[in-house]
Amino acid sequence: MSKTTAPVQRRTKLSCSEIWKLYGPNADRPAASRDEVESRAANGRCFAALSDVSLDIGEGEIFVVMGLSGSGKSTLLRCLAQLVEPTFGNVELDGRSLTRMGQAELREVRRHDMGMVFQHFGLLPHLTVAGNVALPLKIRGEKAESRDHAVATALELTGLAAMADRLPAQLSGGQQQRVGLARALAVGPGLLFLDEPFSALDPLIRRELQDELIRLQAGLHKTMVFVTHDFSEAVRVGDRVAIMKDGRLRQVGTPEDIVRQPADDYVRNFVAGVDLTRVIRCATAARPASRSDYAHAVSGQGRLSDAAETLMAAGGGPIAVQGEDGSLIGEIDLHAVLAAVSGKSLAGEPA
Amino acid sequence: MTRFRPRAIWLLLPAAVAALWIAQQFSWATRFPKAWELPVAKTVSKSAAVVTDNLSWLTRLFATAIEVPMTLVVALLSEGGALTLGGFALDLPPLSWSGLALAVVWLGWRTGGPGLALLQALGCAYLLFFGQWSAAMLTLASVVIAVPFALGAGVVLGIVAWRMPRLDRWLVTPVLDLMQTVPAFAYLVPTLVLFGFGPVSALIATVIFALPPMARVTTLALSRLPGAITDLAAMMGCTRGQALWRVLLPAAMPMLLVGLNQTVMMTLNMVIIASMIGAGGLGFDVLLALRQLDIGRGLEAGAAIVVLAIMLDRQGRVLASGWSRGQAVSRRRGLGLVLVLGALLGTTLLGQIHAPLRAFPESWQVTTGSTMDSLVAWLNVNFFDTIEAVRVFLLMNLMNPIRIALASAPWLGVMTIVAMLGWVLGGWRLAVLGLGVGGFCLVTGLWDETMTTIYLCLTAAILSVSLGVPLGIAGHRWPRFGKLLTLAVELLQTMPSFVYLIPVVMLLRVGDVSAMIAIVAFAVTPVIRYTMAAFEAVPPALTEAGTVMGCTSGQMLRHVQLPVALPTILLGINQCFLFSLAMVVITALVGTRDLGQKVYIALTKADVGSGLVAGLCLGLVGILVDRLFRAAAARIAPQEPSSHA
Ligand SMILES: Nc1ncnc2c1ncn2[C@@H]1O[C@H](COP(=O)(O)OP(=O)(O)OP(=O)(O)O)[C@@H](O)[C@H]1O
Ligand SMILES: [Mg+2]
């Protein structure tokens, strides 16, 4: 096996096992057994939007779901959030089954531990920014004082403090989605669902909000399920990426895993043309250190593209790759970068 | 997807011929035998009597419950009066005209700026100077009371229909369809029997009449909400009630407000009609003037109805669009509101000592009544021959032939044709509907009246189409004319249907021609509107293609624009037919002999059975016509070329 960045061991926050979602006649009826759902999916009258999907999503992880239009990304997200009931299978949050939970209990979980951000914002036009952010808190019956405090905090976090009294119609798309984000964060949920949150924005604003999300996540450590169809977005924000096709998972892994070892031709096509220097981390490309002292150093977590400038400054020569604690992991030079990008021979793995 | 049945058309002809042949051989096939009729009306009357006897405590309770807010509003807006609550008797003075007018103008200013304020001020001035103020306020009072009831009931019904799609499909939608096509008069009959002659009956009939659009709009608005909003409600952990009241309904508000405006206008329309069962107000004045042939007064009161309608409509529209632009949250209106309320109270109290503040001084009022009288007299003297010639021409060349053809057509033949038409256009369901509707008219013994109704509607539709389609096309061709036309159509549509009768009757006296012209004036508006919209919607790419091919404008019209616009125009004609049906009932007042007259007679005799049955006939015919037209429009609509494989 190849060497990859050491997977961070996380507690499982959200998991699903063998979930199926059928659409079509009689599809609302849940299936009693796996055999039943398989035969119903196979008989041709039902359409399987999700087939046999199992996932474990760790605490504090941004888990990205990718795929072409109609591949079932939204369906997966909505099954995880219980907005649609899977035809078969189980979804667990913190070890409690959401699928078997009663309505009242599910409502409590949603009021305290879930937030959602929508592609087209889903703001209520008659409420101000502050009113929109306060709404979920009002719904769960929070007292005015703690509510105001929570709203102020959420607005501060998302840089909206100055716009609290504006109406959604008076905001730009990017600002509106910040409100959506603030609203989802206001209840202090552990788990966020984001269905193509930035797809409706133009490229510059999209990047700005991606950076914002990364910045927020560094302080908040939420668990996020993030749907996108833009691989560069997945790479920027995602800790792990799942690639779907026709309702099935084709591959789940870190962005690096996926670009370096696509599971099949579909995934290979999917990631073809991706700028690898923005995906592969320095630690992955590093060779064992050949000395103990370097004039230049980069972080192992950084992408190769981040190291370009330092490499140039060092004349292309070997520079140190450091771990998060400043320890020496290895070294890279121009050759190592080229090798990593060409995918022919990676450090520690002779061609 | 199209299930076109070319063979069905070949079946149509022989079947119709066969039916006609049978009809000529046997008299029972020409005229429906009396012995086959069922005593539907009698049965309904009897059961209604039973219901009335057993439910009188309920209706009385209901009536009392409504009476209190009603007296309050009527007292405040128009006449003043004593409100008795328990042991208390509260003597209420009417709010002063000066304060009310100020409040109306202020509201116009706040919400719509100087333009609306000016309009409202002019409207108030008309009502005051022409001595229509107190009647208008009485009418307004009925509207003010009926609207909340209609809104509340409409919204609740709409929510129920939205929650339970199956109930909606099988019960709510058909009932609403019927409620909208059964003429308003028909509601009056049972309410009259249940609640007696008076304002409460009028109010209830009004509410029933104005409720369907609100219910429809509510269901539509809720089901059209973006998925994100419903998901949001679920993800915030809303209970059902929270989801509805805190998230869904507020988000649907812009559309609901459009419904509100419609409800207000329909309420006004019905209030005018309901004046006849004792609500009083402008409608009553017009009716009285019509009966006494007091032309000047009738026109003035009629104009007051139009003025009131325009004032309500403009204000309503501005409020609705203001909300959707988010202005509803402006908080700086507190001071103005306090001032205006203060003025209202102040002038009312001062009015107790200083009479001109309370009631608009008579000496300031003007009337054009005598001028109008002499104008009409002059018209009648000088143009009698012309008018008469037009009247006779219409009668001889258009109306009588159609009337005679329909009246003498054998029922079996008509039924066959209707069923075949239904089958060709929309399959067996539509055929069954056609047979059902025809059968109902037959067994209730209302066949002749139904045919008279159809004759009136048909002639009106023919005239409306031959007038409206060219007008619509012209409006599209010359945008400036189109703007004028749109304005005129909007004005015509805000007017309560009753108003149309006034000028016609004054010039042409009572009779079929007057009725027809009133119907055309009312029913031509949808034809114009739909035609213009249809032409506007022709994709520019198509007309450009036509230009490039070198079409003359006539060729363009014939080969490009008309074919594309036709389905929409057909829907306009459908609306035109439905409008005509609604108006036919009202023209019963000027002595036509159709189903409307039946309802009207039943109304005066408080005969529930005949009233309901005749009303139902009208409603069913309306629904059948609607379904037939829709099926036809769907049939001729060109299939969209599919853009993807
Ligand atoms: N309510 C529904 N009824 C029937 N089919 C549905 C329904 N919702 C989704 N589908 C089908 O399920 C499949 C997956 O849909 P889904 O919305 O999950 O796709 P997606 O990956 O999110 O696509 P996109 O990128 O366009 O949002 C699609 O083929 C869709 O047609
Ligand atoms: Mg989607």
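Residues numbered from 1 in each chain as written. Chains lettered and ligands numbered in written order. Predicted model: local features only at pLDDT ≥ 70, side-chain atom pairs only at ≥ 80, totals over all residues. Heavy atoms only, no water.

In the annotation of an unreviewed UniProt entry, the entry for chain B reads ABC transporter permease, and the organism field reads Tabrizicola soli. Turning to chain B, the UniProt record has this under Sequence similarities (unreviewed entry): "Belongs to the binding-protein-dependent transport system permease family." (UniProt positions renumbered as here; feature names shortened; annotations may be inferred.)

For chain A, an unreviewed UniProt entry supplies the name ATP-binding cassette domain-containing protein and the organism Tabrizicola soli.

**Student:** When you look at the overall build of chain B in this model, what are you seeing that I'm missing?
**Tutor:** Counting secondary structure elements, chain B contains 25 helices and two strands. Overall, the C-alpha framework of chain B stretches about 80 × 60 × 60 Å when taken along its three principal axes. Within the span of chain B, comprising 645 residues, buried residues form 49% of the whole. Of all intrachain contacts in chain B linking residues separated by at least 6 positions in sequence, the fraction that spans at least 24 positions is 79%. As displayed, chain B offers around 31200 Å² of accessible surface, 70% of which is attributable to carbon and sulfur atoms. Considering chain B, the positive charge centre built from 40 side chains and the negative charge centre built from 26 side chains are found 10 Å apart. (Helix = DSSP H or I, 4+ residues; strand = E, 2+ residues; numbered from the N terminus. Buried < 20%, exposed > 50% of the residue type's maximum accessible area, 1.4 Å probe, protein only. Contact = heavy atoms within 4.5 Å. Areas by Shrake-Rupley, 256 points an atom, 1.4 Å probe, with all protein chains shown as cover. Lys, Arg positive; Asp, Glu negative; His and termini not counted. Charge placed at Lys NZ, Arg CZ, Asp CG, Glu CD.)

**Student:** What exactly am I supposed to notice about the packing of aromatic side chains here?
**Tutor:** Describing an aromatic ring pair means giving the distance of the ring centres and the angle of the ring planes. Per the stated rule, a full pass over the model turns up six aromatic pairs over all chains. Considering the side-chain rings of B:Phe577 and B:Phe629, the 6.1 Å spacing of their centres and the 45 degrees angle between planes classify their relative orientation as tilted. You can see B:Phe577 sitting in helix H23 (residues 553-587) and its partner B:Phe629 sitting in helix H25 (residues 608-636), a full 52 residues away along the chain. A single burial state applies to B:Phe577 and to B:Phe629, both of which are buried. Members of the aromatic cluster, each reached through a chain of ring pairs, are B:Tyr500, B:Phe522 and B:Phe579. Above the ring of A:Tyr266, the side-chain terminus of A:Lys245 is found at 5.2 Å from the ring centroid. (Phe/Tyr/Trp six-rings, centres within 6.5 Å; stacked < 30°, edge-to-face > 60°. Lys NZ or Arg CZ within 6 Å of the ring centre and 35° of its normal.)

**Student:** Looking at this model, I keep getting lost on the environment of B:Trp109. Mind explaining?
**Tutor:** All names here are of chain B. In this structure, Trp109 sits in helix H3 (residues 97-129). Residues Trp109 and Val608, 499 residues apart in the sequence, show an inter-C-alpha distance of 47 Å. Here Trp109 is in contact with Pro114 and Ala117, once residues within four sequence places are set aside.

**Student:** For this particular structure, what's the right way to read the packing of helix H21 (residues 512-536) of chain B against H23(B)?
**Tutor:** Between two packed helices, the angle of one axis relative to the other and the distance separating the axes together describe the packing. All names here are of chain B. Contact geometry for H21 and H23: axes closest at 7 Å, N-to-C directions at 150 degrees. One element, H21, and the other, H23, form an angle in the roughly antiparallel class. In the crossing of H21 with H23, the sense of the turn from one axis to the other is right-handed. Considering only residue class, the contact of H21 with H23 consists of 19 nonpolar, eight polar and no charged. (Axes fitted to C-alpha atoms, helices over the stretch in contact; angles between N-to-C directions. Parallel < 35°, antiparallel > 145°, perpendicular 65-115°, else oblique. Left-handed = near helix turned anticlockwise from the far one by under 90°. Nonpolar A, V, L, I, M, F, W, Y, C, P; charged D, E, K, R; others polar.)

**Student:** I keep staring at the site of ligand 1 and nothing clicks. Help me out?
**Tutor:** Residue and element names in this part refer to chain A. Around ligand 1, a shell composed of Tyr23, Phe47, Ala49, Leu68, Ser69, Gly70, Ser71, Gly72, Lys73, Ser74, Thr75 and Glu196 is seen. Between ligand 1 and the protein, one listed contact pairs a nitrogen atom with a side-chain N or O atom of Tyr23 at 3.5 Å. One nitrogen or oxygen atom from the side chain of Glu196 is found 3.3 Å from an oxygen atom belonging to ligand 1. Contact with the protein chains hides 58% of the accessible area of ligand 1, taken as 630 Å² for the molecule alone. Those elements that provide at least two residues to the shell around ligand 1 are strand E2 (47-58) and helix H2 (73-80). The element contributing the most residues to the shell around ligand 1 is H2, with three residues. Here the residues of the shell around ligand 1 sort into four nonpolar, six polar and two charged. (Near = heavy atom within 4 Å. Polar contact = N/O pair within 3.5 Å; in protein donor to acceptor, adjacent residues only side chain to side chain.)

**Student:** Sorry, what's going on with the sheet that holds strand E4 (residues 88-93) of chain A here?
**Tutor:** Residue and element names in this part refer to chain A. Read across the open sheet, the four strands follow the order E2-E1-E4-E5; overall the sheet is antiparallel. Both outer strands of the open sheet, E2 and strand E5 (96-97), are each paired with one neighbouring strand and no more. The pairing of strand E1 (residues 12-23) with E2 spans eight bridges and is antiparallel. Note that in E2 the partner of Thr12 across the bridge is Gly58. (Pairing = 2+ DSSP bridges.)

**Student:** It is not clear to me how the interface of chain A and chain B should be interpreted in this structure. Could you clarify?
**Tutor:** It is common to give the size of an interface as the accessible area that goes away when the parts come together. With 20 residues of chain A in contact, the opposing surface of chain B contributes 18 residues. Between chain A and chain B the total buried area reaches about 1900 Å² when both faces are included, carbon and sulfur atoms providing 70% of it. The largest share of the area that chain A buries against chain B comes from A:Phe118, A:His126 and A:Ile139, three residues that together contribute 29% of it. Linking chain A to chain B there are one salt bridge. (Buried area = accessible area lost by both parts, 1.4 Å probe. Salt bridge = Lys/Arg side-chain N within 4 Å of Asp/Glu carboxyl O.)

**Student:** Mind showing me how you'd approach the UniProt feature "domain: ABC transporter" (unreviewed entry) in chain A here?
**Tutor:** In this structure's numbering, the residues bearing the UniProt feature "domain: ABC transporter" (unreviewed entry) are residues 32-271 of chain A. Split by type, residues 32-271 of chain A is 44% helix and 22% strand. Its first and last C-alpha atoms lie 38 Å apart.

**Student:** Can you help me understand the pattern of salt bridges in this one?
**Tutor:** Pairing of side chains with opposite charge becomes possible as their charged atoms draw close. Scanning the model with the defined rule gives 32 salt bridges over all chains in all. Its salt-bridge partner being A:Asp94, residue A:Arg11 comes within 3.3 Å of it at the nearest N-O pair. Residue A:Arg11 is located in the segment before E1, and its partner A:Asp94 is located in the loop between E4 and E5; the two are separated by 83 residues in the primary sequence. Under the relative-accessibility criterion, A:Asp94 is labelled partly exposed at 33%. The salt bridge involving B:Arg630 is made with B:Asp626; its shortest N-O contact spans 3.1 Å. You can see B:Arg630 and its partner B:Asp626 sitting in helix H25, four residues apart, about one turn around the helix.

**Student:** How should I be thinking about the sheet that holds strand E10 (residues 248-253) of chain A in this particular structure?
**Tutor:** The strands that make up a sheet pair up through hydrogen bonds in the backbone, lying either parallel or antiparallel. Residue and element names in this part refer to chain A. In spatial order, the strands read E6-E7-E8-E3-E9-E10; together these six strands make up an open sheet with mixed pairing. In this open sheet, the two edge strands, each paired with only one partner strand, are strand E6 (114-117) and E10. Averaged over all pairs of adjacent strands, the angle between strand axes in this sheet comes to 15 degrees, irrespective of strand direction. Both strand E3 (residues 62-67) and strand E8 (residues 223-227) contribute to a ladder of four bridges, which runs parallel. Among the inter-strand pairings, Val65 is bridged to a residue of E8, identified as Val227. Strand contacts of H2: E3, E6, strand E7 (191-195), E8 and strand E9 (240-245), with the helix running at about 155 degrees to E7, the strand carrying the most contacts. The strands that helix H3 (residues 103-113) touches are E6 and E7; relative to E6, the one it contacts most, it runs at about 70 degrees.

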